[in-house]
Amino acid sequence: RMAATAPAFPELEGRHPCFSTTAEGHARAARLHLPVSPGCNIDCAFCIRDFNRRDQRPGVATRLLTPEQAVAIVARALELCPSINVVGIAGPGDPLATPHALQTFALVRERWPELVLCLSTNGLMLPDRIDEIAGLGISTLTVTVNAVDPQIQAQVTPKIAWQRKRLNGVVAGERLIANQLEGIARAAAHGLTVKVNTVLIPTVNDHHIETIAERVAAAGANLINIIPLIPQHGFAHLKPPGMLMRYAARTAAEKYLRVFTHCQRCRADACGIPGVSDYAQQLYGDDIVAE
Ligand code: CLF
Ligand code: SF4
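Definitions and cut-offs
- Residues numbered from 1 in each chain as written.
- Chains lettered and ligands numbered in written order.
- Predicted model: local features only at pLDDT ≥ 70, side-chain atom pairs only at ≥ 80, totals over all residues.
- Heavy atoms only, no water.
- Helix = DSSP H or I, 4+ residues; strand = E, 2+ residues; numbered from the N terminus.
- Contact = heavy atoms within 4.5 Å.
- Salt bridge = Lys/Arg side-chain N within 4 Å of Asp/Glu carboxyl O.
- Buried < 20%, exposed > 50% of the residue type's maximum accessible area, 1.4 Å probe, protein only.
- Expected span 1.5 Å × (residues − 1).
- Pairing = 2+ DSSP bridges.
- Near = heavy atom within 4 Å.
- Nonpolar A, V, L, I, M, F, W, Y, C, P; charged D, E, K, R; others polar.

K.L.:
Is there a simple way to explain the environment of Ala253 in this structure?
P.N.:
Mapped onto the elements, Ala253 comes out in helix α8 (residues 243-253). Through-space distance from the C-alpha of Ala253 to that of Ile224 is 7.6 Å; in sequence the pair is 29 residues apart. Those residues within four positions of Ala253 in sequence are excluded, and the remaining contacts are Ile209, Ala213, Ile224, Ile226 and Val259.

K.L.:
Looking at this structure, I do not really get the pattern of salt bridges. What am I missing?
P.N.:
When the charged atoms of two side chains with opposite charge come close together, those side chains can pair. The final tally for this structure, using the stated rule, is seven salt bridges. Across the pair Asp43 and Lys159 runs a salt bridge whose closest N-O atoms are separated by 2.8 Å. One end of the pair, Asp43, is in strand β2 (residues 42-43); the other, Lys159, is in strand β8 (residues 159-162), and 116 residues separate them in sequence. The class of Lys159 is partly exposed, set by a relative accessible area of 28%. The closest approach of N and O atoms between Asp55 and Arg57, which form a salt bridge, is 3.3 Å. Classification of Asp55 by relative accessible area gives buried; the value is 16%. A relative accessible area of 8% places Arg57 in the buried class. Sharing partners across several salt bridges, the network here consists of Arg54, Asp55 and Arg57.

K.L.:
Looking at this structure, I do not really get helix α6 (residues 169-189). What am I missing?
P.N.:
For an α-helix, the turn length of 3.6 residues means that residues three or four places apart are oriented alike. In this model, α6 (21 residues) spans 30 Å end to end at C-alpha, consistent with the 30 Å of a helix rising 1.5 Å per residue. Directly after α6, the chain includes Gly191, whose backbone phi takes a positive value near 90°.

K.L.:
I would appreciate a short explanation of the pairing of strand β1 (residues 30-33) in the present structure.
P.N.:
Here is the key point about a regular strand: its side chains alternate between the two faces of the sheet. Across the two faces of β1 the burial is the same, with Ala30 and Leu32 and Arg31 and His33 all buried. Sheet topology note: the β1/strand β5 (residues 84-89) ladder contains four bridges and is parallel. Across the sheet, Leu32 pairs through a bridge with Val87, a residue of β5. Pairing of β1 with strand β13 (residues 271-272) involves two bridges; the strand directions are antiparallel. The partner of Leu32 across the bridge, within β13, is Cys271.

K.L.:
Looking at this structure, how should I read the site of ligand 1?
P.N.:
What surrounds ligand 1 is a group of 15 residues, the closest being Cys18, His33, Cys118, Cys263 and Cys266. Within the residue set of the shell around ligand 1, elements represented by two or more residues are β1 and β6 (116-121). Residues that form the shell around ligand 1 fall into these classes: six nonpolar, six polar and three charged.

Below you can see the structure in the form of structure tokens.
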């Protein structure tokens, strides 16, 4: 493998941990996650959302915050960790399934115009919300795309809620994929920097990674992050992908996109430099923001 190459996004290098592509860049940048989004509109087979202090994985937070409580948390976090440049919303559910995330971003933007705003979504509601997202000045976007083939997607996300109806199987997969690709294209057209997160799921999508990378790159994505499955829930019987499978997936994706390799599978309330520092304990001490 080649040694470190030039940063993919010079304006974010060392400023945004998940859009920094050099080792020095990752080690410098801190982010704060605001767990304001409780619900989800799709049903991924690997997802268990929970509130606890124990689990180190996405979908988990100490507690849910209202948008106003989130503003108080940002103020406290900036005192604890002045190197925070990025405020992200990534759960515990989908940030576009309920209005709280965009309301929170508007409040944060008003008080701290210098902070980078970062949104992570499954993409189902992205075509509906992208103009509002761009208008709020959200500059980095992550869309989780686990398949671009509806048959494979149907295994990962067997059902979705779309326009007050429940869609199942391949029909659900078709709708989700179409919205994700349209949302990525429109986000790119608005000038957002777009990362795709892909959960690497042995026997389900491990031979499909190159096709995903090709399609999302064509839609306008700038970066891909291949996240090893945490086997649980409907995929509890699977093994986590081994080193060889992870390497093969990364090599396949690299034909089309820069690959982000430092993902820490963050909690929805993480605070600090991913993998280096974590202020969540101090942030969510027992004297937490008044209700
Ligand atoms: Fe958070 Fe995600 Fe923004 Fe980063 S995390 S919303 S893009 S600020 Fe980063 Fe954590 Fe991996 Fe996510 S290391 S889980 S990729
Ligand atoms: Fe869980 Fe995210 Fe999938 Fe919703 S989109 S079910 S929160 S992994």
